[in-house]
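So the chains spell out like this:
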Amino acid sequence: MQERIVVTGMGTVNPLGLNVSESWNNVTNGVSGVGPITLFDDSALQVHIACEVKNFSPEQYMEAREARRRDRFEQLSTAAVKEALESSGLEITEANASRVGAIISSAIGGLKSLQDAVITNHTEGPRRVSPFLIPMLMSNGAAGLAAIDHGITGPCFSVASACASGADGIGMAWMMLKAGVLDACLAGASESTVTPVGVAAFDRVGAMSRRNDDYSMTPQPFDKNRDGLVMGEGAAILVLERESHAKARGATILAELAGYGSTADAFHVTAPHEDGIGGAAAIRQALASAGANPEEVGYISAHGTATELNDLSETKAIKVALGELAYKIPVSSTKSMTGHMMGATGALEAIFCVQAVREGILPPTIHYETPDPNCDLDYIPNTAREQKIDLAISNAFGFGGHNGVLAVRRYR
């Protein structure tokens, strides 16, 4: 019998808070992270709102010189890793370093650093391009820096599967722990695409909300009047361990990461499969690998981007996977508060699932006003729900047809 994999630490910086406690308090109280873009001059854009990480000072987590050599997505990850390790109490030493991994993903990597360098190269010439550019823009930079910062010498890499990157990175760590390759692993993701080219590109795809003047009711996942996502940024990291390893060192076990499913739609480079069959298959895989029946699912953390196609496809996926049970299971999209953190979103939502099974509180979908007859599940509208659950699943679906689903179980 394979050993159980457990969560012993968590860390995050995101639009709702600079740590897990603050973020959980705000997400369960329905606090919106949407506001005007402040990170750059957005006057040339058609979108002027985002979910930015607020009051973040990288110098609180690293020396100023080091902060200048790290892209913002790496700075955010550095902070989340620090909290996750401190909360877990895991000590990384020369003796155990090779049995600890760092799988920290990013869909896009250092977009701001790349954009700035292109401008510099064009206006000032190639000799003015920073020698630190490559480690600042590469998507595996956050993982590599975590290993350097904390002396981790086990497997260290990132997964790039668009908006499923965070979930897939956690899933890869789960599989390596199950296989006995590792005793412990930092797993999660970081993203910071709130940049001029990032916002412009997603707007050109037709995915973004443009409610710039009155953003009090956007984004609206699963609502009939939804008009697109709001871009977010942030990082979320979990410390995963084999159960025997966690017990041997007396760690506090927060939850069990019970299962993982991964599929591809093989359908379209941006649109999800209209019948939700890829997402449904990933949900079934996650439950099967967890040894769980559909009847055990107490909560679904939806991908829920508030785009027309995603919300409809995901609703169908849940129905295909769970049948009539789908109508009895609470579903919510915390992106209604955090915005869409791209590759990092699945990692943060995994943290929220851990908190949900621990505390018996299910986060709401805020901004929900007008039901869509084609999206007809229980989306926990506007107010968190107290409900004791044993098993939660977290959906992460990305451009390219990537589907990653995690199953989180209350630890006993």
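Residues numbered from 1 in each chain as written. Predicted model: local features only at pLDDT ≥ 70, side-chain atom pairs only at ≥ 80, totals over all residues. Heavy atoms only, no water.

**Student:** So what exactly am I meant to see when it comes to unusual backbone geometry here?
**Tutor:** With the exception of glycine, most residues fall at negative phi, and the peptide bonds are largely trans. At the junction of Thr 218 and Pro 219, the peptide bond is cis and its omega measures out at 0° in the coordinates. Structurally, Pro 219 can be placed in the loop between α8 (196–205) and β7 (233–242). Its identity as a non-glycine residue notwithstanding, Met 342 has a phi of 50°, on the positive side. Following the sequence through the fold, Met 342 ends up in the loop between α12 (335–338) and α13 (345–359). (Helix = DSSP H or I, 4+ residues; strand = E, 2+ residues; numbered from the N terminus.)

**Student:** Sorry, what's going on with the packing of helix α3 (residues 72–88) against helix α6 (residues 141–150) here?
**Tutor:** A pair of packed helices is characterised by two quantities: the angle between their axes and the separation of those axes. Between α3 and α6, whose axes approach to 9 Å, the crossing angle comes to 45°. Classified by the angle their axes make, α3 and α6 are oblique. You can see that α3 and α6 cross each other, and the crossing is right-handed. Residue-level inspection shows Phe 73, Glu 74, Ser 77, Thr 78, Val 81 and Leu 85 of α3 in contact with α6, the latter providing Gly 141, Ala 142, Leu 145, Ala 146, Asp 149 and His 150. Counted by class, the contact of α3 with α6 contains six nonpolar, four polar and two charged residues. (Axes fitted to C-alpha atoms, helices over the stretch in contact; angles between N-to-C directions. Parallel < 35°, antiparallel > 145°, perpendicular 65-115°, else oblique. Left-handed = near helix turned anticlockwise from the far one by under 90°. Contact = heavy atoms within 4.5 Å. Nonpolar A, V, L, I, M, F, W, Y, C, P; charged D, E, K, R; others polar.)

**Student:** Help me understand the side chain of Asp 42 in this model?
**Tutor:** Tracing the sequence through the fold places Asp 42 in the loop between β2 (35–36) and β3 (49–50). Despite its burial, Asp 42 pairs with no opposite charge, the nearest such side chain being Arg 210 at 12 Å. Among the polar contacts listed, one links the side chain of Asp 42 to the side chain of His 48, at a separation of 3.1 Å. If we skip the residues at most four places from it in the chain, Asp 42 touches Ile 37, Val 47 and His 48. (Buried < 20%, exposed > 50% of the residue type's maximum accessible area, 1.4 Å probe, protein only. Lys, Arg positive; Asp, Glu negative; His and termini not counted. Salt bridge = Lys/Arg side-chain N within 4 Å of Asp/Glu carboxyl O. Polar contact = N/O pair within 3.5 Å; in protein donor to acceptor, adjacent residues only side chain to side chain.)

**Student:** Sorry if this is basic, but what is going on with helix α1 (residues 20–28) here?
**Tutor:** Think of an α-helix as 3.6 residues a turn; residues three or four steps apart then line up on the same face. Turning to α1, its buried residues number three or more, namely Val 20, Ser 23, Trp 24, Asn 26, Val 27 and Thr 28. Among the structural elements, β1 (5–13), α3, α12, α13 and β11 (361–362) are those in contact with the buried residues of α1. Capping the start of α1 is the job of one residue whose side-chain oxygen sits 3.2 Å from the backbone nitrogen of Ser 21: Asn 19.

**Student:** I keep staring at the sheet that holds strand β10 (residues 331–332) and nothing clicks. Help me out?
**Tutor:** Through backbone hydrogen bonds, the strands of a sheet pair up, either in parallel or in antiparallel fashion. Spatial strand order, β5-β4-β6-β7-β1-β8-β14-β13-β9-β10: 10 strands in an open sheet with mixed pairing. One side of each edge strand has no neighbouring strand; the edge strands of this open sheet are β5 (156–157) and β10. Of the strand pairs in this sheet, strand β8 (residues 255–264) and strand β14 (residues 402–409) are connected by eight bridges, and their pairing is antiparallel. By the bridge assignment, Gly 259 is partnered in β14 with Ala 407. Contacts from helix α7 (residues 165–178) reach β1, β4 (100–105), β5, β6 (184–192), β7, β8, β13 (391–398) and β14, with the element oriented near 115° to β8. (Pairing = 2+ DSSP bridges.)

**Student:** Explain the side chain of Thr 315 to me, please; I cannot follow it from the model alone.
**Tutor:** Mapped onto the elements, Thr 315 comes out in helix α11 (residues 308–322). A relative accessible area of 1% means that Thr 315 is categorised as buried. Residues within four places of Thr 315 in sequence aside, it is in contact with Phe 222, Asn 374, Cys 375, Asp 376, Leu 377 and Tyr 379.

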